[in-house]
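Architecture at a glance
Residue-level listing of the chains:
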Amino acid sequence: MSSQSRLETLQPFIGENETAIEAQSNELETFLLTDQRLFSVRRSEGDTERTLVDTVHLELVGGTKIEQQRKPDFDQETVGYGIFSILIGFVALAAAAGLDGSLMGLMLLVGVGVGLMGIILVIEGYSAADGSVTIKLQSEAGDVMREIRLGEDQLAFGEAVSRAVSGNITQPDAVSRKVGN
């Protein structure tokens, strides 16, 4: 289901007095932020095709927490272990040259195995996980009501959710606080 068809699924749920602010998708869900609610549409395919529409009323949200995790260029620790393993593999291969018989075969096997494992570690170190933006909608008590995970480049949607929530937070009528003496 494309994000456009997911948004069309939401059309009947949006009230006449609601204004759509922004929409965003990840691989599983499409999100639509209005001035009053945050919608999510998820479609599951299997034996039966289901579409799930979830709504969070922004007036019930006490706050938001947005975390952005950027994709690292590479994982230094994994690459370091990989290079170390490759060096150990070369040492084992060099040591095998001075041995005879089955011991030489064993050292060749160890050298090639450890060297290949090192190459795999280096490749894994350079293919680090993608970054992400996590949006947590919190209740007044600070409990997480809903968590949304999007791609690293979708921070603007999190900022829009935060602005919409802050516009809907009701302040107590009379708040007075004495600071100092």
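Before reading further, recall that the structure is shown in the block above.
Thresholds, definitions, all that
Residues numbered from 1 in each chain as written. Predicted model: local features only at pLDDT ≥ 70, side-chain atom pairs only at ≥ 80, totals over all residues. Heavy atoms only, no water. 1 Å grid on protein atoms, 1.4 Å probe; cavity = no way out; pocket = protein on both sides within 12 Å on 5 of 7 lines; lining within 4 Å. Points joined across faces, edges and corners; volume = space filled by probe spheres on them. Helix = DSSP H or I, 4+ residues; strand = E, 2+ residues; numbered from the N terminus. Nonpolar A, V, L, I, M, F, W, Y, C, P; charged D, E, K, R; others polar. Expected span 1.5 Å × (residues − 1). Buried < 20%, exposed > 50% of the residue type's maximum accessible area, 1.4 Å probe, protein only. Contact = heavy atoms within 4.5 Å. Pairing = 2+ DSSP bridges. Phe/Tyr/Trp six-rings, centres within 6.5 Å; stacked < 30°, edge-to-face > 60°. Polar contact = N/O pair within 3.5 Å; in protein donor to acceptor, adjacent residues only side chain to side chain. Core = buried A, V, L, I, M, F, W, Y, C linked by side-chain atoms within 4.5 Å.

Evaluated as defined, the whole model comprises one cavity of 30 Å³ or more. There is about 30 Å³ of room inside the largest cavity. Lining the largest cavity are Phe31, Leu38, Phe39, Ser40, Asp54, Val56, Arg146 and Ile148. If you list the elements that add at least two residues to the lining of the largest cavity, you get strand 3 (37-44), strand 4 (50-57) and strand 7 (144-151). Sort the elements by how many residues they give to the lining of the largest cavity and strand 3 lands first, with three residues. Each residue belonging to the lining of the largest cavity can be placed in one class, and the counts come to five nonpolar, one polar and two charged.

This part is about helix 3 (residues 101-126). Taking 1.5 Å per residue, 26 residues should reach 38 Å; helix 3 reaches 38 Å between its end C-alpha atoms and fits that length. Among the residues of helix 3, those classed as buried are Gly111, Gly115, Gly118, Val122 and Gly125. As for helix 3, its buried residues are in contact with helix 2 (76-96).

Attention shifts here to the pairing of strand 3. Pairing of strand 2 (residues 29-34) with strand 3 involves five bridges; the strand directions are antiparallel. Within strand 3, the position partnered with Thr30 by the bridge is Val41. Where strand 2 folds back on strand 3, the antiparallel hairpin that results is connected by two residues. What sits between the antiparallel neighbours strand 3 and strand 4 is a turn of five residues.

According to the stated counting rule, one finds one aromatic pair in the structure shown. The interplanar angle of 40° and the centroid separation of 6.4 Å between the aromatic rings of Phe31 and Phe157 together place this pair among those described as tilted. Of this pair, Phe31 sits in strand 2 while Phe157 sits in helix 4 (residues 155-168), and the two are 126 residues apart along the sequence. Residue Phe31 is classed as buried on the basis of its relative accessible area of 0%.

Within the secondary structure layout, Lys136 lies in strand 6 (residues 132-138). In terms of polar contacts, Lys136 uses its side chain to reach the side chain of Glu67, at 3.5 Å. The contact partners of Lys136, leaving out residues within four places of it in the chain, are Gly63, Thr64, Lys65, Glu67, Val144, Arg146 and Glu147.

Core analysis: the largest hydrophobic core is formed by 16 residues, its most contacted members being Leu33, Leu38, Ile135, Leu137, Phe157 and Val161. Contributions of two or more residues to this core are made by strand 2, strand 6, strand 7 and helix 4. Considering each element in turn, this core owes the most residues, five residues, to helix 4. When sequence neighbours within four positions are dropped, the list of residues in contact with Leu33 reads Thr19, Ala20, Ile21, Glu22, Leu38, Leu58, Phe157, Ala160, Val161 and Ala164. The next biggest cluster of nonpolar side chains, apart from the first, holds five residues, and it includes Leu10, Ile14, Phe39 and Val41.

The next subject is the environment of Ile135. Following the sequence through the fold, Ile135 ends up in strand 6. Since its relative accessible area comes to 0%, Ile135 is described here as buried. Ile135 sits 13 residues away from Ile148 along the chain, and the two C-alpha atoms are 5.1 Å apart. Beyond its immediate sequence surroundings of up to four residues, Ile135 is in contact with Lys65, Arg146, Glu147, Ile148, Leu150, Phe157, Gly158 and Val161.

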